[in-house]
Amino acid sequence: MIEITGLHKSFGEQKVLTGVDLQIPARKSTVILGRSGVGKSVLLKHIIGLVRPDRGRILIDGVDITKLGDTEINEMRKRFGMLFQDAALFDSMTVGANVAFPLYEHTNLKEKEIARIVAQKLEQVGLPGEEGKMPAQLSGGMKRRVGLARALALDPEIVLFDEPTAGLDPPMAEAIEELITQTQQDLGRTFVVITHSIHTAFHVGHKIAMLHEGKIIEEGSPRAFRKSLNPVVQAFLTPGEGKEEQA
Amino acid sequence: MDKISKTVNVIGEAVARYVNEMGRMLLLLIDIIRWSFYPPFRVDLLYQQMERVGVKSALVVVLTGIFTGMVLALQSFHATRKFGAETLVGVTVALSMTRELGPVLTSFMVTGRAGSAMAAEIGSMRITEQIDALFAMAINPIKYLIVPRVLASIIVVPILTAIADFVGIVGGYFMGVTILKINAGAFVANMEKYVELNDIYHGIIKSAVFGLILSVVGCYKGYTATGGAEGVGKATTESVVLAAIVILMANYLLTAAMF
Ligand SMILES: Nc1ncnc2c1ncn2[C@@H]1O[C@H](COP(=O)(O)OP(=O)(O)OP(=O)(O)O)[C@@H](O)[C@H]1O
Ligand SMILES: [Mg+2]
């Protein structure tokens, strides 16, 4: 369970988050929708302690991570996996080494076992046998899928996804949505998914929240969210307008 | 009047920025030291970086050594000939190489090759969120990226310096004995008589400090890079200039303290 209360963050003069309140239930998928530049990535980075808030609290199972020191937050992060918006693959390493990285660093698994997990994860994201490629040889969508495989490599308790389906063709986006839904169900993990895509939101989300002008302006089950009377939400949901818009 | 105060302001700001930057680098250095002693010790990463720093710089260091040794021999030949003391050319070359030019020129070359590469690599990792990704994966980037580079430089720069000293003296011998026809026996005898092991040690110790400086500056510039690809380029150039200046200042201080 992640509880965000009164989260404020400015960069210089620019106010990005102005009092975000959001409850992210454990063992469910929560989707955060919002227009480009509204602060979704910034919000996600707060949850894993990469950005420190100006004000507000982020409780993870009751522990306020905004108050933790370096080593404590490091321990906390071992429970997380994260897909960055531009994948953030290590460009000096092969695809296989990227996915294996968290396994090498945080487990005592044998080489062979790691190779097996890597192959399996790459298979799941539709990139079987691509271990030997370098990130520079991949398209944006392929990088994102490798990033996804890396985020899921350790089967972490909480996984943060920043735009998992942006830049993918519809069948591939569908496959990734399916993978996220399946993984979430099979392992019962807590997923937080940021997306522009209404399709992705309704496909994977148990709960959907909308970030607008620094605050969460609507949240609820997909069904309740769809019926929201908030005009900003309705504008977002109306087909044709900003629906599959990509960053 | 206005112009003067403006100039003073500009200078003041530049100095303040410089001091600020030095302070931040010192803080990074403290972090680096702290993480160096924090297990697990990553010998694999250290070895990898030693290889990279060494391989990147070996050839340029050898070339620098040879030509510097040769030109030193040539210059000191012209100077000493006036007193008929040509046989001191060997000593001059050996002392200049081991005490000053070996350490300083080697570390300049390593700065250009490896220090700048550190700034570029870490800088591009910073702007493409790879540093954040390391944090997110519960890996401290200072321990994982910076500590191995700094330790590798502290180890490898002295080795490269020893190589530069050696080839410099060989270059000086070639110039002096083979080309300028100085008596080989006297050339070597004087060198043996006047060059002490301490001269070599001091040079090597200095070079270890220079290795520390060039790697900390390179890593710092990369780690704090902002502003996209352009920012990485800027960080890279700045790292070379700053490292060179700090090396020269440290060289003066260390020399004053040791000799
Ligand atoms: N480190 C930073 N320094 C300064 N400004 C920042 C920083 N990170 C984000 N911002 C600013 O915060 C705002 C929100 O950025 P963010 O990346 O969270 O948007 P987003 O909702 O993820 O958009 P997109 O959907 O396009 O990815 C932007 O205006 C951005 O310029
Ligand atoms: Mg974003």
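Here is what the cut-offs are and how they apply
Residues numbered from 1 in each chain as written. Chains lettered and ligands numbered in written order. Predicted model: local features only at pLDDT ≥ 70, side-chain atom pairs only at ≥ 80, totals over all residues. Heavy atoms only, no water. Donors = N, O, S within 2.8 Å, 3.2 Å for Na, K, Ca; no water. Helix = DSSP H or I, 4+ residues; strand = E, 2+ residues; numbered from the N terminus. Buried < 20%, exposed > 50% of the residue type's maximum accessible area, 1.4 Å probe, protein only. pLDDT = per-residue confidence, 0-100. 1 Å grid on protein atoms, 1.4 Å probe; cavity = no way out; pocket = protein on both sides within 12 Å on 5 of 7 lines; lining within 4 Å. Points joined across faces, edges and corners; volume = space filled by probe spheres on them. Nonpolar A, V, L, I, M, F, W, Y, C, P; charged D, E, K, R; others polar. Patch = residues over 30% accessible without salt bridge, like charges linked within 9 Å, V, L, I, M, F, W, Y side chains within 5 Å. Areas by Shrake-Rupley, 256 points an atom, 1.4 Å probe, with all protein chains shown as cover. Salt bridge = Lys/Arg side-chain N within 4 Å of Asp/Glu carboxyl O. Near = heavy atom within 4 Å. Polar contact = N/O pair within 3.5 Å; in protein donor to acceptor, adjacent residues only side chain to side chain.

Draft legend 1. Quick look at the coordination of the magnesium ion (ligand 2). Residue and element names in this part refer to chain A. Every protein donor of the magnesium ion (ligand 2) is listed here as Ser41 (OG) and Gln85 (OE1), and their distances to the metal cover 1.9 to 2.1 Å. Taken together, the positions of Ser41 in helix α1 (residues 40-47) and Gln85 in the loop between β6 (80-83) and α3 (95-106) put the pair 44 residues apart, joining distant regions of the chain. Residue classification places Gln85 among the partly exposed residues on the basis of a relative accessible area of 22%.

Draft legend 2. A look at the confidence of the model for chain B. Per-chain confidence: chain B averages 93 in pLDDT, with 99% of residues scoring 70 or above. ipTM for the predicted complex: 0.91, alongside a pTM of 0.90.

Draft legend 3. Inspection of the layout of surface pockets at higher detail. Approximately 620 Å³ is the volume found for the largest pocket. Taken together, 30 residues make up the lining of the largest pocket; nearest its centre are Ser92(A), Met93(A), Phe101(A), Gln48(B) and Tyr144(B). Examining the composition of the lining of the largest pocket, we find that 6 residues originate from one element, α3(A), more than from any other. When its residues are assigned to classes, the lining of the largest pocket shows 15 nonpolar, 6 polar and 9 charged.

Draft legend 4. Fine view of a nonpolar patch on the surface. Residue and element names in this part refer to chain B. Taken together, the side chains of Tyr18, Val241, Ile245 and Met249 define a hydrophobic patch exposed on the protein surface, amounting to about 340 Å² of accessible area. At 3 residues, the largest contribution of residues to the nonpolar patch is made by helix α8 (residues 228-258). Along the polypeptide, Tyr18 turns up in helix α1 (residues 2-36). Judged by its relative accessible area of 31%, Tyr18 falls in the partly exposed class.

Draft legend 5. Broad picture of the environment of Gly129(A). Turning to its location among the elements, Gly129(A) is positioned in the loop between α4 (111-124) and α5 (140-152). With 17 residues separating them in the primary sequence, Gly129(A) and Val146(A) have C-alpha atoms 12 Å apart.

Draft legend 6. Structural view of the site of ligand 1. Residue and element names in this part refer to chain A. Taken together, 14 residues lie near ligand 1, and Gln14, Ser36, Lys40, Ser41 and Gln85 sit nearest. Gly39 has a polar backbone atom sitting 2.9 Å from an oxygen atom of ligand 1. Note that an oxygen atom of ligand 1 is positioned 2.7 Å from one of the side-chain N or O atoms of Lys40. When ligand 1 sits alone it has 630 Å² of accessible area, and the protein chains cover 63% of it. Within the residue set of the shell around ligand 1, elements represented by two or more residues are β2 (14-24) and α1. Ranked by the residues each element gives to the shell around ligand 1, the list is headed by α1, at 3 residues.

Draft legend 7. Structural detail: the pattern of salt bridges. All names here are of chain B. For the coordinates displayed, the defined rule picks out 20 salt bridges over all chains. Two residues, Arg52 and Glu121, come together in a salt bridge whose shortest N-O distance is 2.3 Å. Here Arg52, found in helix α2 (residues 43-81), pairs with Glu121, found in helix α3 (residues 89-127); they are 69 residues apart in sequence, far enough to count as distant. We classify Glu121 as partly exposed; its relative accessible area is 22%. Taking the shortest distance from any N to any O, the salt bridge between Lys221 and Glu238 comes out at 2.8 Å. In this pair, Lys221 sits in helix α7 (residues 197-223) while Glu238 sits in helix α8, placing the two residues 17 residues apart along the sequence. Classification of Lys221 as buried rests on a relative accessible area of 7%. Connected through salt bridges with shared partners, the residues Glu21, Lys221, Lys234 and Glu238 form a single ionic network.

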